[in-house]
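Each chain is listed here by its residues.
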Number of protein chains: 2
Amino acid sequence: MSAMDTLRINGARLLQRLKALGQFGALEGGGTNRLALGDADRAGRDWTVAQMQALGMRVQVDAIGNVVATYAGTEDLPPVMTGSHIDTVRTGGLYDGNYGVMAGLEVVATLCDAGLRTRRPLQVAFFTNEEGARFQPDMMGSLVMVGGMPLEEALAVRAVDNGATVGAELQRIGYAGGAPVGAPQVDSFVELHIEQGPVLEQQGVEIGVVEGVQGICWMEFTFDGTSNHAGTTPMALRHDAGMCAMRTAACVAELVARYGGRQLGTVGALQLKPNLINVIAAQAVMTVDLRNTDGAKLLQAQAEVLAFARQIAAENGVRFAHRQLADFAPVAFDAALVRSVEQHAGALGLSTLRMPSGAGHDAQMLARVCPTAMVFVPSAAGLSHNVREHTDAVQLEQGANVLLQVLLERANRM
Amino acid sequence: MSAMDTLRINGARLLQRLKALGQFGALEGGGTNRLALGDADRAGRDWTVAQMQALGMRVQVDAIGNVVATYAGTEDLPPVMTGSHIDTVRTGGLYDGNYGVMAGLEVVATLCDAGLRTRRPLQVAFFTNEEGARFQPDMMGSLVMVGGMPLEEALAVRAVDNGATVGAELQRIGYAGGAPVGAPQVDSFVELHIEQGPVLEQQGVEIGVVEGVQGICWMEFTFDGTSNHAGTTPMALRHDAGMCAMRTAACVAELVARYGGRQLGTVGALQLKPNLINVIAAQAVMTVDLRNTDGAKLLQAQAEVLAFARQIAAENGVRFAHRQLADFAPVAFDAALVRSVEQHAGALGLSTLRMPSGAGHDAQMLARVCPTAMVFVPSAAGLSHNVREHTDAVQLEQGANVLLQVLLERANRM
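Just so it is clear, the structure is predicted and the values come from calculations on it, not from any experiment.

**Examining helix 9 (residues 241–259) of chain B**
Residue and element names in this part refer to chain B.
Moving on, step 1. Its 19 residues give helix 9 an end-to-end C-alpha distance of 27 Å, which sits within 8% of 27 Å, the value for a rise of 1.5 Å per residue.
Moving on, step 2. For helix 9, the tally of buried residues reaches 15 of 19 residues, placing the bulk of the element in the interior.
Moving on, step 3. For helix 9, the N-terminal cap is Asp240; the gap from its side-chain oxygen to the backbone nitrogen of Gly242 is 3.1 Å.
Moving on, step 4. Of the residues flanking the end of helix 9, it is Gly260, one or two places downstream, whose phi is positive at about 60°.

**A look at the UniProt feature "binding site: Zn(2+) 1" (unreviewed entry) in chain A**
Residue and element names in this part refer to chain A.
Moving on, step 1. Under the present numbering, the feature "binding site: Zn(2+) 1" (unreviewed entry) in UniProt falls on His85, Asp96 and His193. The named residues occupy 109 residues along the chain; their greatest pairwise C-alpha distance, 10.0 Å, places them in one compact cluster.
Moving on, step 2. With respect to the secondary-structure elements, His85 resides in the loop between strand 3 (80–84) and helix 4 (98–114).
Moving on, step 3. Those residues in contact with His85 that lie beyond four places of it in its chain are Asp96, Gly97, Asn98, Val101, Phe126, Phe127, Glu130, Glu131, His193 and Asp362.
Moving on, step 4. Among the polar contacts listed, one links the side chain of His85 to the side chain of Asp96, at a separation of 3.2 Å.
Moving on, step 5. Relative to the helices and strands, His193 is located in strand 5 (residues 188–194).
Moving on, step 6. Excluding residues that lie within four positions of it along the chain, His193 makes contacts with Ser84, His85, Asp96, Gly97, Tyr99, His361, Met374, Val375, Phe376 and Val377.
Moving on, step 7. In this structure the side chain of His193 is engaged in a polar contact, spanning 3.0 Å, whose partner is the side chain of Asp96.

**What to know about the domain arrangement of chain A**
When the parts of a complex come together, some accessible area is lost, and that lost area is often taken as the interface size.
All names here are of chain A.
Moving on, step 1. When cut into domains, chain A gives domain 1 (2–213 + 331–412) and domain 2 (215–328).
Moving on, step 2. Averaged C-alpha coordinates put domain 1 and domain 2 at centres separated by 37 Å.
Moving on, step 3. Buried area between domain 1 and domain 2, summed over both chains or domains, comes out near 370 Å², and the portion from carbon and sulfur atoms is 52%.
Moving on, step 4. The tally of links between domain 1 and domain 2 comes to zero salt bridges.

**Observations concerning the nonpolar core**
Moving on, step 1. Judged by nonpolar contacts, the single largest core of 92 residues is most densely connected at A:Leu14, A:Met57, A:Met81 and A:Tyr99.
Moving on, step 2. Judged by nonpolar contacts, the second largest core, of 91 residues, contains B:Met81, B:Val107, B:Val199 and B:Val338.

**As for the pattern of salt bridges**
Moving on, step 1. In total, this model carries 38 salt bridges over all chains according to the counting rule given.
Moving on, step 2. Of the charged contacts in the structure, one is a salt bridge between A:Glu169 and A:Arg134, with a shortest N-O distance of 2.9 Å. You can see A:Glu169 sitting in helix 7 (residues 166–173) and its partner A:Arg134 sitting in the loop between strand 4 (122–126) and helix 5 (140–145), a full 35 residues away along the chain.
Moving on, step 3. For A:Glu169, a relative accessible area of 5% translates into the label buried.
Moving on, step 4. Under the relative-accessibility criterion, A:Arg134 is labelled buried at 5%.
Moving on, step 5. When the shortest N-O distance is used, the salt bridge between B:Arg13 and B:Asp113 registers 2.9 Å. Of this pair, B:Arg13 sits in helix 2 (residues 11–22) while B:Asp113 sits in helix 4 (residues 98–114), and the two are 100 residues apart along the sequence.

**A closer look at unusual backbone geometry**
Moving on, step 1. Residue A:Pro137 follows A:Gln136 across a cis peptide bond; omega there is 0°.
Moving on, step 2. Counting through the fold element by element, A:Pro137 comes out in the loop between strand 4 and helix 5.
Moving on, step 3. Going from B:Lys273 to B:Pro274, the amide bond is cis rather than trans, its omega being 5°.
Moving on, step 4. Here A:Asn275, not a glycine, exhibits a phi torsion of approximately 65°, which is positive.
Moving on, step 5. Turning to its location among the elements, A:Asn275 is positioned in the loop between strand 10 (270–273) and strand 11 (279–280).
Moving on, step 6. A positive phi angle, near 65°, is found at B:Gln196, a position not held by glycine.
Moving on, step 7. For B:Gln196, the location among the structural elements is in the loop between strand 5 (188–194) and helix 8 (199–203).

**Digging into the relation of the copies chain B and chain A**
Two chain copies here: they are related by a rotation about an axis and a translation along the same axis.
Moving on, step 1. The two copies are related by a screw operation: chain B maps onto chain A through 180° of rotation and 0.2 Å of translation along the axis, at an RMSD of 0.2 Å. Such a turn and shift between the copies fits a two-fold axis. Taking C-alpha positions as reference, the residue of chain B nearest the rotation axis is B:Met246, located at 2.5 Å.
Moving on, step 2. In this assembly, 100% of the residues forming the interface of chain B have copies in chain A that are likewise at the interface, indicating an isologous arrangement.

**Side note on the packing of helix 2 of chain B against helix 13 (residues 393–412) of chain B**
All names here are of chain B.
Moving on, step 1. The interhelical angle for the contact between helix 2 and helix 13, taken along N-to-C directions, is 105°, at an axis separation of 9 Å. The angle between the axes of helix 2 and helix 13 places the two elements in the roughly perpendicular class. Within the contact between the two elements, helix 2 uses Gly11, Leu14, Leu15 and Leu18 and helix 13 uses Ala393, Leu396, Glu397 and Ala400.
Moving on, step 2. In terms of residue class, the contact of helix 2 with helix 13 is built from six nonpolar, one polar and one charged.

**Observations regarding the packing of aromatic side chains**
Residue and element names in this part refer to chain B.
Moving on, step 1. Applying the stated rule across the entire model yields 10 aromatic pairs over all chains.
Moving on, step 2. Ring centres of Phe221 and Phe223 lie 6.5 Å apart, and the angle between their planes is 85°; this geometry places the pair in the edge-to-face category. Each of the two residues, Phe221 as well as Phe223, counts as buried.
Moving on, step 3. Relative to Phe320, the ring of Phe223 lies with its centre 5.3 Å away and its plane at 50°, an arrangement referred to as tilted.

**Things to note about empty space enclosed by the protein**
All names here are of chain A.
Moving on, step 1. Under the definition given, this model contains one cavity of 30 Å³ or more.
Moving on, step 2. When its volume is computed, the largest cavity comes out at roughly 30 Å³.
Moving on, step 3. Surrounding the largest cavity, Val80, Met81, Thr82, Gly104, Val107, Val108, Leu122, Gln123, Val124 and Leu407 form its lining.
Moving on, step 4. Mapped by element, the contributors of at least two residues to the lining of the largest cavity are strand 3, helix 4 and strand 4.

**Structural notes on the packing of helix 11 (residues 335–347) of chain B against helix 13 of chain B**
A pair of packed helices can be characterised by two numbers: the angle between their axes and the separation between those axes.
Residue and element names in this part refer to chain B.
Moving on, step 1. Two numbers describe how helix 11 lies on helix 13: the axes approach to 9 Å, and their chain directions differ by 130°. Here helix 11 lies oblique to helix 13, going by the angle between them. Between helix 11 and helix 13 lies a crossing of right-handed hand. In contact with Leu337, Ser340, Val341, His344 and Ala345 of helix 11, helix 13 contributes Val402, Gln405, Val406, Glu409 and Arg410.

The rules behind each value
Residues numbered from 1 in each chain as written. Chains lettered and ligands numbered in written order. Predicted model: local features only at pLDDT ≥ 70, side-chain atom pairs only at ≥ 80, totals over all residues. Heavy atoms only, no water. Helix = DSSP H or I, 4+ residues; strand = E, 2+ residues; numbered from the N terminus. Expected span 1.5 Å × (residues − 1). Buried < 20%, exposed > 50% of the residue type's maximum accessible area, 1.4 Å probe, protein only. Polar contact = N/O pair within 3.5 Å; in protein donor to acceptor, adjacent residues only side chain to side chain. UniProt positions renumbered as here; feature names shortened; annotations may be inferred. Contact = heavy atoms within 4.5 Å. Domains from an automatic or database assignment. Buried area = accessible area lost by both parts, 1.4 Å probe. Salt bridge = Lys/Arg side-chain N within 4 Å of Asp/Glu carboxyl O. Core = buried A, V, L, I, M, F, W, Y, C linked by side-chain atoms within 4.5 Å. Least-squares fit on C-alpha atoms with pLDDT ≥ 70 in both. Axes fitted to C-alpha atoms, helices over the stretch in contact; angles between N-to-C directions. Parallel < 35°, antiparallel > 145°, perpendicular 65-115°, else oblique. Nonpolar A, V, L, I, M, F, W, Y, C, P; charged D, E, K, R; others polar. Phe/Tyr/Trp six-rings, centres within 6.5 Å; stacked < 30°, edge-to-face > 60°. 1 Å grid on protein atoms, 1.4 Å probe; cavity = no way out; pocket = protein on both sides within 12 Å on 5 of 7 lines; lining within 4 Å. Points joined across faces, edges and corners; volume = space filled by probe spheres on them. Left-handed = near helix turned anticlockwise from the far one by under 90°.

Spelled out as structure tokens, the structure:
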């Protein structure tokens, strides 16, 4: 396989495809609006499918609209898959998801150029509605593909914009395919993605070796107290819903500092009522976003924050309600495949950092059914879901070369 | 003066006047909307002036629209004044302000019934725009009366609803009077008011002996950080404006608990941007309301909170801006007059509690120019600026009898 070890992708061609795809749903001034299953998504899909076919790949569409293109191997074995998504948020960039799909095509194009085939088939996929911006939940296509959500349920989900169902939109845009979902036969899955965070840039590292996806706990707390005059109500007679919420936020900050490690905590939303300078808040609704790669610690953090909120509400004679909005255990990627990413990056002379993924990705769904790993490249200023999302061309090329080598090793192994 | 010692006001008549006044600007289902210098305020003023004239009082209107009615004394000495305001907030009750004015008239009516006059004249006043709901600042009429704000400046203030000036509205409703403002010749001032807080009811006390008005410090803090993904941004790389604000709120709570005594602290308003569960807040704008009867402690509290906010912003790489929205030193009422309130309440068999006023009142302006005191009666559930504002008829009567006796002693003294 030494011929393959020296293969390198064509960075210019990769960038060209990324820019071409970015034209579908392009926003004035840069960025892309290609919400799942809308007209721009259809146009982007059609163009991508044409690219796949031009590379001699066999294209299959499954019942949830996932598109999987196969570059045949020399043997009829379970395929090694790569891919990501091409839908974007309303004000998205050119790279989130799209990069992984276009890099997969570039890997195949590189093999085509060299007239080579791997032992196992290579597959490049793009999954339906990864973003969740138009249909809930996000990562819908990969979730349904691995059997994590019944197909009928997914097809019945309605768009937040016009109420159309996933099923009707798939029919409308011509992507209600015939391939079955629920039990994919895949040897392994490797997803290349931009980091969407600032760590690689900050540390001057070229390749993120993703060990897994951190667990997520989303909670909404509602404190119901009593609105009263800030000047005439002694502290002891208050039922200050706002102060309960803000002290719970401070508890989150304190807990995160105490836990250290990979514990993250964010209170991004808080609404006080009536929200006036001299009126004690009658109601406070806040969110708590906790994340950790360590599932046990995440559960412990959740329990601590919840206990604090309950206690401070009780101490202040304030009613407390808790809604769990999301609850995902951490996902650990395949140790051998993670090592393979690290080794190939090193062999290419690239610096690496082992890290968790802070965001959710299709790879975490595929990890339920096969050995899986991810490769990250830096995001300028950590920006993503933003028209200013950017990764340098050389970094895009580096990541695609790592992907190439990892896929080759995996697909050619005996 | 023993004949006067046994005088008592007519509680039914007092209540009748309060209800009659409450008809002007009455809201469906209870309560009153009588914003300063609007049509309902004019109607209420006209009716009140007619009541004053019917009691044989000489009515004067000054240049800021304050109305002062004089019940002549047996000697031509500086008058003893009582009064309050009859404007209300948009959803006000029947008692805030109105009670003090109607009780003043009831005191005069009681003297009329008995055919008695005091040595010094008695004056009953209602001041323009105490609430500040339509024109800023609040307590405008009494502030201008005592020379605390230039008349021209006050007349030029525009209404928040229709932009009309105070001067134009006074002309329109016929209350641009000719009496001068700036240096009133008053022997002393006593204001009877509902507590607007829960303390008297909670402690089962009938009369609040008001020792002064607490100082007020209003601050607005703006934290400007960086919006980032809650999942992909490590804690050490965050510039979380929201967390800075909420930890400052927690600092306020901690400080108030540590100071104890009469220290109050409220964070009633907080606005996060973009206010989303999984996005670190780029901006947080919060208010801090600090109050204390001890001016030195209030300044110390202000300095501590400000220092904390600045420091936490610096630690988090977040820009910090501070606007001082209000800054009033505490007002101490006249010790002898405060004692007089306490003694007369006791002589009437009523329980008393010395307390500060939590809210601002016209009395704090008059205190700049003459010995001043206030009498409080309980507010049911501490509610005020609310259509459900309520004080029992018997409590209204008790307060008015205290006012009567304090005014008589003060007006008759040699």
